[in-house]
Amino acid sequence: MKKDVHPEYQECVVTCACGSTFMTRSTKKEIRVEICSQCHPFFTGKQKFIDSAGRVEKFKKKFGDAKDLKAARDARAARDVKSLAKKKKSSR
């Protein structure tokens, strides 16, 4: 291999958001991850909510509830029926 072309491969500390750390080798000295085998539900068998931070509430605020959707759909359909009736009357 050519000298001074490849990055140095060294020992590295991987730190998870849960606080777990382990050693591996990498070109970086330190790696930070959000989830690891110690806290991932697939490996632990425990359900753990990760950064859900009100996504359902945010969606409901943006788009409304299912009841609101149905009411809006019904109002739109009634408005469309009225506009069609007006067009038919004016075309006669």
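Everything below is about the structure shown above.
Procedures and definitions
- Residues numbered from 1 in each chain as written.
- Predicted model: local features only at pLDDT ≥ 70, side-chain atom pairs only at ≥ 80, totals over all residues.
- Heavy atoms only, no water.
- Buried < 20%, exposed > 50% of the residue type's maximum accessible area, 1.4 Å probe, protein only.
- Helix = DSSP H or I, 4+ residues; strand = E, 2+ residues; numbered from the N terminus.
- Pairing = 2+ DSSP bridges.
- Contact = heavy atoms within 4.5 Å.
- Salt bridge = Lys/Arg side-chain N within 4 Å of Asp/Glu carboxyl O.
- Axes fitted to C-alpha atoms, helices over the stretch in contact; angles between N-to-C directions.
- Patch = residues over 30% accessible without salt bridge, like charges linked within 9 Å, V, L, I, M, F, W, Y side chains within 5 Å.
- Areas by Shrake-Rupley, 256 points an atom, 1.4 Å probe, with all protein chains shown as cover.
- Lys, Arg positive; Asp, Glu negative; His and termini not counted.
- Charge placed at Lys NZ, Arg CZ, Asp CG, Glu CD.
- Polar contact = N/O pair within 3.5 Å; in protein donor to acceptor, adjacent residues only side chain to side chain.

A. Representation of the pairing of strand S1 (residues 10–16). With respect to burial, S1 is a largely interior element, 5 of its 7 residues being buried. Where S1 meets strand S2 (residues 21–26), 6 bridges bridge the pair, whose relative direction is antiparallel. Within the sheet, the bridge partner assigned to glutamate 11 lies in S2 and is arginine 25. Hairpin connection of S1 to S2: 4 residues between the antiparallel strands, including glycine 19 at a positive phi of 105 degrees. With 4 bridges connecting them, S1 and strand S3 (residues 30–33) associate as parallel partners. Paired with valine 13 across the strands is glutamate 30, a residue of S3.

B. Focus on the side chain of threonine 15. By the element assignment, threonine 15 lies in strand S1. The residues touching threonine 15, leaving out its near neighbours within four places in the chain, are Ser20, Thr21, Glu30, Ile31, Arg32 and Val33.

C. Spatial organisation of the pattern of salt bridges. Applying the stated rule across the entire model yields 1 salt bridge. When the shortest N-O distance is used, the salt bridge between glutamate 30 and arginine 32 registers 3.1 Å. Judged by relative accessible area, which is 65%, arginine 32 ranks as exposed.

D. Seen up close, the sheet that holds S3. Strand order in the open sheet formed by 3 strands is S2-S1-S3, and the pairing between neighbours is mixed. Among the strands making up the open sheet, the edge pair consists of S2 and S3. Neighbour-to-neighbour, the strand axes of the sheet open up by a mean angle of 30 degrees, direction not taken into account.

E. Inspection of unusual backbone geometry at higher detail. With a phi close to 65 degrees, aspartate 4 is a non-glycine residue in the positive phi region. Within the fold, aspartate 4 resides in the segment before S1. Residue aspartate 4 is classed as exposed on the basis of its relative accessible area of 81%.

F. Fine view of a positive patch on the surface. On the surface, Lys70, Arg73, Arg76 and Arg79 cluster together into a positively charged patch. In this fold, lysine 70 is placed in helix H3 (residues 66–91).

G. The arrangement of the side chain of serine 26 in detail. Its place among the elements puts serine 26 in strand S2. Here serine 26 falls in the buried class, since its relative accessible area comes to 14%. Within the local environment of serine 26, its side chain forms a polar contact with the backbone nitrogen of lysine 28, the two atoms lying 3.2 Å apart. Sequence-distant contacts of serine 26, defined by excluding residues within four places in its chain, comprise Glu8, Tyr9, Gln10, Cys12 and Ile31.

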